[in-house]
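# Chains, contacts and geometry: an overview
Each chain is listed here by its residues.
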Amino acid sequence: MIEKIDPNLCVGCGTCMLSCPMDVIRMDKKTEKAFIAYPEDCQLCYICKNLCPENEAITISPYKCVRPMVGWD
Amino acid sequence: MQLSGNHTGGEKISPKEMEGGVFMTSDRGDAFLRNSGPKPISQVTQDEIETDVLVIGGGMAGIFAAIKAKEKGLDVTMTVKGAIGSSGMTPFANTFMVFDETRGHQREEWIEKFRKSGEYMVNLDYLDMFLDDSKARWEDLVSWGAIGVNEFGPVLRKQVLKSGVRTLERVMITDLLKQNGQIVGAIGFPLEEDKMIVIRAKATIMCAGPGGFKPNGYPISSVTHDGDAMAYRVGVEIGGKEFVDFHFTNAEHPADSWFNWYTHHNGINRSETPLSGKMPVIDNPRQVHEGMIPIVFLLPPWLKEPPPGGFPNASLIGKEIIGNAGAGLGIHKSEGIWPANEKCASKIPGLYAAGDGLCSMLCGAVYTGLGTSLSGSACQGARAGQAAAEYASRAKKSVIVVDEFGRLKEGTFEPRSRQKGFTPAWVTQQLQNVMMPYYVLLLKKQGRLEAALENIEFLRDHLVPKLIARDPHELRLAHETKNMLLNAEMKLRAGLFRTETRGSHIREDHPVRKDTEWLAWVLCKEEDGKMKCVKEPIPVKWRPDLSLPMDQRYWYTLPGEV
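Note that this is a predicted model, so its numbers are computed, not measured. (Residues numbered from 1 in each chain as written. Chains lettered and ligands numbered in written order. Predicted model: local features only at pLDDT ≥ 70, side-chain atom pairs only at ≥ 80, totals over all residues.)

As a further point, take the overall build of chain A. Secondary structure assignment for chain A yields two helices and four strands. Each helix and strand of chain A, placed in order from N terminus to C terminus, yields the pattern β-α-β-β-α-β. Expressed as a percentage of the 73 residues in chain A, the buried residues total 34%. Within chain A, contacts between residues separated by at least 24 positions form 57% of all contacts whose residues are at least 6 apart in sequence. (Helix = DSSP H or I, 4+ residues; strand = E, 2+ residues; numbered from the N terminus. Buried ≥ 20, exposed ≤ 12 C-beta atoms within 10 Å, placed from the backbone. Contact = placed C-beta atoms within 7 Å.)

Here's what the structure looks like:
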């Protein structure tokens, strides 16, 4: 799952937001940096990290956010 | 925006406007709203676009469709749920098969290999298209600078923008517009705003790809059979649903999909190897059913050397794998909108399709060779773009009836206005629990399929009408959930309907191929509000020689086949 976007390394180009197939990432209007808006939808495809001009800005772990199984939600 | 929490004990809550929504009162004082940011449909704004050719989808098929249609000098608009070139399945492809007679490839030999690998479910007209055009499409990619680079997605995106196509990225299309028996455009919404987008088009090309149930392992969670669903709802037949995908993931970190491919993430490589035998993964479901876990990934013995650029998942050779990583996906190029001819037209005037959203049956019942999918999408996209442009240049502008349009707008935005209900994520999880086990999708049996169908119909009829969406991101998830459920229903019904085993469709209770009955395709269509499956026989001239024994007719025989 995408774990972190380092605001010190992010240059605010918006490439990760645009290229994420799952709309996980959005741009913060105040800081003009990318942030993780919907981590539970990350499909661990690494497109964001591959296209980021500052490759180390994005950290991805090999785990997926899985919701607990409940009666209704 | 968060509410102040549960109100209990008979407290009275006065109605007030909240971001356009109305806070409901309740006699029991129980007024906790699930949807903290409801949006009345009347407050949804609207943008309208008029164009000659609309391309829905920004993967390999859509990219070629848009560029080739634009070359005819028409006004072309492309919509994509993500970014052009980085959406759907296209970014994860790494091989492009090219038939090239100057390299000694023999057309008749390739046709025989495709026919045999596809177990006679291959549409030979679309195979002809692929054999005719794959080299020219490869040369297009070379001329655009998309070959020899790791990240080809942005290169292709740049090419689309350079060609003058109007692009709408991060927009989900939800419905086709049908008037007087023709497709006249589509509607949708952007992912960051409560706004309706209406696109009036003389011709529409559906390139929205295939789909899955958001499985773990193969990164296909953004494709949810949106194209099939939109087309089915306007009366188009959908084919190929009984066949399944055999992608697998690693057992150590099953959700870490890209990692499996990462060592081979080296751009698009040219390949020229149609299948010459059985793919061992076909045996995995039966082995698992016998409890023979772990399953270890091995290369097929007839594959003497890996294709150029390496073999996808080479890092997994000799390691434990888990299947159904592509749960919900069919065979590449063998599911989707049923074509009315060999030029990517559907049966409804104004609607074309290409790529994994077109049931070209290029690969038949089993994937016929690495790179056929990407190359097939490029060939079909280009042809569909040309055909749609020709149609659009003759078509008259149409008028969209307001009542019909209003009904579609309400249907699209209803989850945004609903104040209490189920989340798309929870309903999707229930769908996954029904459909993901190997014994439903990979190794089928009548009772298990019927039980799954009963559950899927309940989700469809009872839970989907009560979905909420707290923002446009979740609205996309709500529509995807609805579309995935339709695909699940098609997969189960088509799986029940084909009472034999063939290729990737494996029936425990009908374990052999029945060439006397089942040299036919299965189509799903809507009739009187219900889904019906029909048999479409393959043309007689495409049948195998039935006097040949099974071990010559096919690469392998199944236990019990004569």
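A tally of helices and strands in chain B yields 14 helices and 18 strands. For chain B, whose C-alpha radius of gyration is 24 Å, the value lies close to the compact-globule estimate of 24 Å for 562 residues. Projected onto its principal axes, the C-alpha coordinates of chain B cover approximately 80 × 60 × 45 Å. Considering chain B as a whole, with its 562 residues, one finds that 51% of them fall into the buried category. (Rg over C-alpha atoms; globule rule 2.2 N^0.38 Å.)

Think of two packed helices as two axes; the pair is described by the angle between the axes and how far apart they sit. Residue and element names in this part refer to chain B. Their axes nearest at 9 Å, the elements helix α10 (residues 424–435) and helix α13 (residues 472–497) cross at an angle of 25 degrees. Between α10 and α13, the angle falls in the class roughly parallel. In this structure, the crossing between α10 and α13 has a hand that is left-handed. For the pair α10 and α13, contact is made by Pro424, Ala425, Val427, Thr428, Leu431 and Met435 and by Glu474, Leu477, Ala478, Thr481, Met484, Leu485 and Ala488, respectively. (Axes fitted to C-alpha atoms, helices over the stretch in contact; angles between N-to-C directions. Parallel < 35°, antiparallel > 145°, perpendicular 65-115°, else oblique. Left-handed = near helix turned anticlockwise from the far one by under 90°.)

Right, let's talk about unusual backbone geometry for a bit. Residue and element names in this part refer to chain B. Going from Ile293 to Pro294, the amide bond is cis rather than trans, its omega being 15 degrees. Residue position: Pro294 is located in the loop between α7 (284–289) and β13 (295–296). Despite not being glycine, His225 shows a phi value in the positive range, around 55 degrees. Within the element layout of this structure, His225 appears in the loop between β9 (195–206) and α5 (226–233). Even without a glycine there, the phi angle at Met361 is positive, about 55 degrees. By the element assignment, Met361 lies in the loop between β16 (351–353) and α8 (372–394).

So, about the interface of chain B and chain A. Listed as interface residues are 28 residues of chain B and, on the opposing side, 21 residues of chain A. Every element with two or more residues in the side of chain B that touches chain A is listed here: α6 (257–262), α10 and α13 of chain B. Looking at the side of chain B that touches chain A, its residues break down into twelve nonpolar, twelve polar and four charged. (Nonpolar A, V, L, I, M, F, W, Y, C, P; charged D, E, K, R; others polar.)

Residue and element names in this part refer to chain B. Assignment of secondary structure puts Ala65 in helix α1 (residues 60–70). Residues Ala65 and Gly188, 123 residues apart in the sequence, show an inter-C-alpha distance of 20 Å. For Ala65, the residues in contact, after removing those within four places along its chain, are Val55, Ile205, Cys207, Ala354, Gly381, Ala384 and Gly385.

Spanning 26 residues, α13 of chain B covers 37 Å between terminal C-alpha atoms, matching the ideal 38 Å at 1.5 Å per step. Among the 26 residues in α13 of chain B, 22 count as buried, and that is most of the element. (Expected span 1.5 Å × (residues − 1).)

Moving on to helix α4 (residues 152–162) of chain B. Residues and elements named next belong to chain B. If you check which residues of α4 are buried, you get Phe152, Gly153, Leu156, Arg157, Gln159 and Val160. One side of α4 holds all its buried residues, which, seen down the axis, span an arc of 160 degrees. Backbone geometry just downstream of α4 places Gly164 in the positive-phi region, at approximately 95 degrees. (Arc of directions from axis to C-beta.)

We now examine the pairing of strand β17 (residues 520–527) of chain B. Working note: regular strand, side chains alternate between the two faces of the sheet. Residues and elements named next belong to chain B. Where strand β10 (residues 238–239) meets β17, two bridges bridge the pair, whose relative direction is antiparallel. Bridge pairing in β17 places Gly239 opposite Leu523. Bridge count between β17 and strand β18 (residues 530–537): eight bridges; the pairing is antiparallel. Opposite Lys525, over in β18, you have Lys532 as the bridge partner. Counted between consecutive antiparallel strands, the loop separating β17 from β18 contains two residues, among which Asp528 sits at a positive phi close to 50 degrees. (Pairing = 2+ DSSP bridges.)

Another aspect to go through is the packing of α5 of chain B against α13 of chain B. Residues and elements named next belong to chain B. It is the contact of α5 with α13, at a shortest axis distance of 9 Å, that shows an interaxial angle of 75 degrees. What the angle tells us is that α5 and α13 run roughly perpendicular. Contact residues: Asp226, Asp228, Ala229 and Tyr232 in α5; Asn483, Leu486 and Asn487 in α13. In terms of residue class, the contact of α5 with α13 is built from three nonpolar, two polar and two charged.

A few words on the sheet that holds strand β15 (residues 336–337) of chain B. To summarise the sheet geometry, strands pair through backbone hydrogen bonds and adopt either a parallel or an antiparallel arrangement. All names here are of chain B. The strand order across the open sheet built from four strands is β15-β10-β17-β18, with neighbouring strands paired in antiparallel fashion. Two strands lie at the open edges of the sheet, namely β15 and β18, each paired on one side alone. With two bridges joining them, β10 and β15 adopt antiparallel strand pairing. Opposite Ile238, over in β15, you have Ile337 as the bridge partner.

A few words now on the nonpolar core. All names here are of chain B. One finds Val53, Ile205 and Tyr352 to be the most contacted residues of the largest nonpolar core, which totals 141 residues. With ten residues, the single largest contributor to this core is α13. Here this core spans two domains, since at least three of its residues come from each of domain 2 (46–242 + 268–275 + 331–394) and domain 3 (414–553). If near-sequence neighbours (up to four positions away) are discounted, Tyr352 is found in contact with Ala203, Ile205, Cys344, Ala345, Ser346, Ala384, Ala387 and Ala388. (Core = buried A, V, L, I, M, F, W, Y, C linked by C-beta atoms within 7 Å. Domains from an automatic or database assignment.)

Attention now goes to the pairing of β9 of chain B. All names here are of chain B. Within β9, ten of the twelve residues are buried, which leaves it mostly tucked inside the rest of the structure. Alignment of strand β8 (residues 182–190) against β9, held across four bridges, turns out to be antiparallel. For Ala186, the partnering residue across the bridge sits in β9 and is Ile199. The antiparallel pairing of β8 with β9 creates a hairpin that spans four residues between the two strands.

Okay, the sheet that holds β13 of chain B next. All names here are of chain B. As summarised here, the arrangement of the three strands in space is β11-β14-β13, forming an open sheet in which the pairing is antiparallel. A single partner strand is all that each edge strand has here, and the edge strands are β11 (249–250) and β13. The pairing of β13 with strand β14 (residues 320–322) spans two bridges and is classified as antiparallel. When the sheet's bridge partners are listed, Ile295 is paired in β14 with Ile321.

Looking now at the environment of Gly88 of chain B. With respect to the secondary-structure elements, Gly88 of chain B resides in the loop between β4 (76–79) and β5 (95–97). Of the residues examined, Gly88 of chain B has 31 C-beta atoms within 10 Å and is grouped as buried. Each residue touching Gly88 of chain B, except ones within four places of it in the same chain, is listed here: Pro21 of chain A together with Gly57, Gly59, Gly209, Ser222 and Val223 of chain B.

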